[in-house]
Amino acid sequence: MLLLGLTGSIATGKSTVSSLLSSPPHNIPIVDADLLARKVVEPGTAGYAAIVKHFAATTPDLLVEASDSMPENGPDGQGRPLNRPALGKRVFGNTEALQRDRAVLNSIVHPAVRREMFKAVMGCYLRGHWAVVLDVPLLFEGGLDRFCGVTMVVGVRDPETQLRRLMARDPHLSREDAENRVRSQGDVREKAARCEARGEGKGVVVWNDGSRDELAKSLEAEMAKLKAKSPEWWSWVLLGCPPLAVLMAAYRIWQNGRINKEWNESKRASKL
């Protein structure tokens, strides 16, 4: 089974590509990190309790405001849901304090999301899917690219296009808020360069500076190449021979570790 790591940056079109991949003619199951990140911090979860414990004292509007339709203890008695825009403002930015708080939030959310991802991927493997998409905004930063047979970056060449799309999508954001959110996910053009450095058949960059139709055509062409290299019958072979699947996964992790080491060494050399 091909594990396709999908990433990009905010407002570059990653969600559009994810939607296209889950629809005909591709029909590939999507494991969405953002959806899982919401699931693991719902009221009543360990993630929710940890976030409230750490951030409540310094973020008065951390929880959705109580109202006639939102009881003080939440609709199910587990607590009011997190006020995600308020939490976002609390951790997005470049100051040392905000970076520390963002690291705390990530240390709560990321391990729980990875556990849910593993369960979802195993389910797709057992059902014999030829491919599954890991939709992860911080694929490289979180080290999840090590497990992927192919990584795909959705990017835009012009940073201003990215900011304009974000502010149009989320009109409550000021330009400064939008810039902070873009910076928090890293430069998408660097992610694209890192993806291309993986080599032919291992890294795919889809540029999304045009229309949705243009994006769909580019994506279809790239997926045809990937499917030719990883045909559906191969997924059934791996399903029928679990030791081979484990061996292939181990080789992939080793190979990606070597690729990442070379990338990091090249980045260090460029700074000298």
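Use the structure listed above.
Residues numbered from 1 in each chain as written. Predicted model: local features only at pLDDT ≥ 70, side-chain atom pairs only at ≥ 80, totals over all residues. Heavy atoms only, no water.

Chemist: Break down the overall build of the protein for me, with residues and values.
Modeler: Per the secondary structure count, the protein includes 11 helices and five strands. For a compact globule of 272 residues, the expected C-alpha radius of gyration is about 19 Å, and the protein comes in at 20 Å, within 12% of that figure. Principal-axis analysis of the C-alpha atoms places the extent of the protein at approximately 55 × 45 × 40 Å. Here the protein, with 272 residues, has 44% of them falling under the buried criterion. In the protein, the share of contacts with a sequence separation of at least 24, taken over all contacts with a separation of at least 6, comes to 72%. Summed over its atoms, the accessible surface of the protein is roughly 14,500 Å², and 56% of this surface lies on carbon and sulfur atoms. Distance between charge centres in the protein, computed from 38 positive and 32 negative side chains, equals 5 Å. (Helix = DSSP H or I, 4+ residues; strand = E, 2+ residues; numbered from the N terminus. Rg over C-alpha atoms; globule rule 2.2 N^0.38 Å. Buried < 20%, exposed > 50% of the residue type's maximum accessible area, 1.4 Å probe, protein only. Contact = heavy atoms within 4.5 Å. Areas by Shrake-Rupley, 256 points an atom, 1.4 Å probe, with all protein chains shown as cover. Lys, Arg positive; Asp, Glu negative; His and termini not counted. Charge placed at Lys NZ, Arg CZ, Asp CG, Glu CD.)

Chemist: Go over the sheet that holds strand β1 (residues 2-7) with me, naming the residues and quoting the values.
Modeler: Spatially, the five strands line up as an open sheet ordered β2-β3-β1-β4-β5, and their pairing is parallel. Taken across any chain shown, the strands that pair with only one partner, and hence form the sheet edges, are β2 (30-32) and β5 (203-207). Put simply, the sheet's adjacent strands are angled 20° from each other on average, direction ignored. Pairing of β2 with strand β3 (residues 131-135), which is carried by three bridges, proceeds in the parallel orientation. Its bridge partner being in β3, V31 is matched across the sheet by L134. (Pairing = 2+ DSSP bridges. Axes fitted to C-alpha atoms, helices over the stretch in contact; angles between N-to-C directions.)

Chemist: How would you summarise helix α1 (residues 14-22) if you had to cite specific residues and measurements?
Modeler: All of the buried residues in α1 are K14, V17, S18, L20 and L21. Taken end-on, α1 shows its buried residues confined to a sector of 165°, consistent with a single buried face. Buried residues along α1 sit in contact with β1, β2, α2 (33-39), β3, β4 (150-155) and α9 (212-229). (Arc of directions from axis to C-beta.)

Chemist: Tell me about helix α7 (residues 175-184), residues and numbers included.
Modeler: Taken together, the buried positions of α7 are occupied by A178, N180, R181, V182 and S184. Elements that come into contact with the buried residues of α7 comprise α4 (84-91), α5 (96-126) and α6 (159-169). Just downstream of α7 lies G186, where phi reads positive at about 80°.

Chemist: With reference to specific residues and values, describe the packing of helix α10 (residues 232-240) against helix α11 (residues 242-271).
Modeler: Running from amino to carboxyl end, α10 crosses α11 at an angle of 110°, the nearest separation of the two axes being 5 Å. Looking at the two axes, α10 sits roughly perpendicular to α11. Contact with α10, carried on its side by W234, V237, L238, L239 and G240, involves P242, L244, A245 and M248 of α11 and no other residues of that element. (Parallel < 35°, antiparallel > 145°, perpendicular 65-115°, else oblique.)

Chemist: Please set out the environment of L2 residue by residue, giving values where relevant.
Modeler: Tracing the sequence through the fold places L2 in strand β1. Overall, L2 belongs to the buried group, its relative accessible area being 9%. Separated by 241 residues in the primary sequence, L2 and P243 have C-alpha atoms spaced 16 Å apart. In this structure, L2 is in contact with W130, A131, V132, G149, V150, L226 and S230, ignoring residues within four places of it in sequence.

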